[in-house]
Each structure stands twice: as C-alpha cells, then as structure tokens.
Amino acid sequence: GENVEQHPSTLSVQEGDSAVIKCTYSDSASNYFPWYKQELGKRPQLIIDIRSNVGEKKDQRIAVTLNKTAKHFSLHITETQPEDSAVYFCAANSPSGTYKYIFGTGTRLKVLA
Amino acid sequence: GAVVSQHPSRVICKSGTSVKIECRSLDFQATTMFWYRQFPKQSLMLMATSNEGSKATYEQGVEKDKFLINHASLTLSTLTVTSAHPEDSSFYICSAVGLADYEQYFGPGTRLTVT
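Residues numbered from 1 in each chain as written. Chains lettered and ligands numbered in written order. Predicted model: local features only at pLDDT ≥ 70, side-chain atom pairs only at ≥ 80, totals over all residues. Heavy atoms only, no water.

Student: Would you mind going over the overall build of chain A with me for this structure?
Tutor: When its secondary structure is counted, chain A shows 0 helices and 11 strands. Sequence-ordered secondary structure for chain A, helices as α and strands as β, is β-β-β-β-β-β-β-β-β-β-β. Relative to its length of 113 residues, chain A is compact, with a C-alpha radius of gyration of 13 Å against a globular reference of 13 Å. C-alpha extents for chain A along the principal axes are approximately 45 × 30 × 20 Å. Looking at chain A as a whole, 44% of its 113 residues are labelled buried. Carbon and sulfur atoms make up 46% of the accessible area of chain A, which totals about 5700 Å². Distance between charge centroids for chain A: 5 Å, based on 13 positive and 12 negative side chains. (Helix = DSSP H or I, 4+ residues; strand = E, 2+ residues; numbered from the N terminus. Rg over C-alpha atoms; globule rule 2.2 N^0.38 Å. Buried < 20%, exposed > 50% of the residue type's maximum accessible area, 1.4 Å probe, protein only. Areas by Shrake-Rupley, 256 points an atom, 1.4 Å probe, with all protein chains shown as cover. Lys, Arg positive; Asp, Glu negative; His and termini not counted. Charge placed at Lys NZ, Arg CZ, Asp CG, Glu CD.)

Set out below in structure tokens:
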C-alpha cells in the first residue's frame, strides 16, 4: 500500500530563517498532496496543498514543490516566526480509496526567537 | 464554511464501559467521513472510512467489533469504543470530505481517557 516518509522529525530554526520539510510517497498514482499544521491538542489545519498537475505552489511565506518523477514533495516556510512553531504533517491521497489520505510521521518545527 | 464538530471534546470513562463520539459536518453534506487515532507525539493513524448509508471500511489491524462506526446521515458519523481499556486512551479525530474534491476538513478531536 501507499507509504509516506517525512523528514526531518524535528527541526529548529532561528526566527527569520527558512525551514524545509521533505516527504516521499510510494504510489505513483497519488495525485493530491496536502500539508497540515497541528498545534498541541488541536485539529490539523490545512496550510497548503498541491495537485500532481502542478510543480510548485506558493501562498505568501509558504510554498510547496512536487517532483512527480522522484515522488518527492517539500514544504518551504520562509521568514519563519515563533507562531510557526507546531507539528507539520504531509499527506498523499491513497489511490485505493477515494479521498483517503496517508499521513507522514510529522515534523516538529521550533522557531527560536 | 466547511466546519466539522466533534462531541465530546474530552471524556473519561471506566474500563469496560463504552463511549460514543459524534462527528458532525455543520454546513455541508459529507458522504464520506474518516476516523483517525493519534497517540502523543505521533502521526494520525487512519482507523476507518465511514460512508453514509453503508458499512464502514476498516484499516488493517483495527477491530471493527471494538470500534463501531455508524454514518446514518449526510452530516453525522459516530464512533463507539466498546468495552474500553486503558490502551484505548488516545486522541480521536474525525474528518469529512468537503465540497472541493479531495480536501478533508478535520474536527477538533476528542481526548478519551480510560481509567
């Protein structure tokens, strides 16, 4: 079945620096890749997503890139702020089930003021 | 729009009892809802897919007789943890498929503690 690997598991950056989180998926039939931010005890919040017909998408300080050939996708956060500190999850939709997601293992981002 | 609620937000129950968690899509109809389980500092683990009007589809390793799912309407799915044990203590989160294709909207989660 589909598998999604996510790295790194923890990431600390200085405020103002950039943060990059990388994911790899296994099933080439996946065509939708959302990224979620989750604060402690809260629900995951969609921050950006990308479909397989696009290579890059940007929304202010957040961008996602997709390499279909390598089956990689990455989250880029620029000019990080302390409020960006949270756990970030990537996901890929599972071709075996409509709308079903397989989540990565998560990255705990800490932005140091 | 696309708001999903869960009730209760927290519940403490005794070992051996059953607990029901509700997931509601407040402003849209959801033919498909998902139930996840999340242990501390871990990822979301999909337990089952809940389809309105039909039986739920459970992921491998999830006991369907222990985690009963009912999706009786287009806005409500329920998860009942039967004969709960301390190892069932976890954060349970539901999601519903929204109006746009593929996107899931998550509920706020229910923290279950079994004593």
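Student: Whenever I open this one, the interface of chain B and chain A confuses me. Can you help?
Tutor: Accessible area lost when the parts come together is the quantity often used to give the size of an interface. Each partner contributes residues to the interface: chain B has 22 residues there, and chain A has 20 residues. For the pair chain B and chain A, the two sides together bury roughly 1800 Å², of which 56% comes from carbon and sulfur. Between A:Lys100 and B:Glu59 there is a salt bridge, with the nearest N and O atoms lying 2.9 Å from each other. Taken together, the links from chain B to chain A amount to 8 residue pairs in polar contact (both at pLDDT 80 or more). Breaking the side of chain B that touches chain A down by element, the ones donating at least two residues are strand S4 (32-38), strand S9 (90-97) and strand S10 (104-106) of chain B. It is S4(B) that provides the largest number of residues to the side of chain B that touches chain A, a total of 4 residues. (Contact = heavy atoms within 4.5 Å. Buried area = accessible area lost by both parts, 1.4 Å probe. Salt bridge = Lys/Arg side-chain N within 4 Å of Asp/Glu carboxyl O. Polar contact = N/O pair within 3.5 Å; in protein donor to acceptor, adjacent residues only side chain to side chain.)

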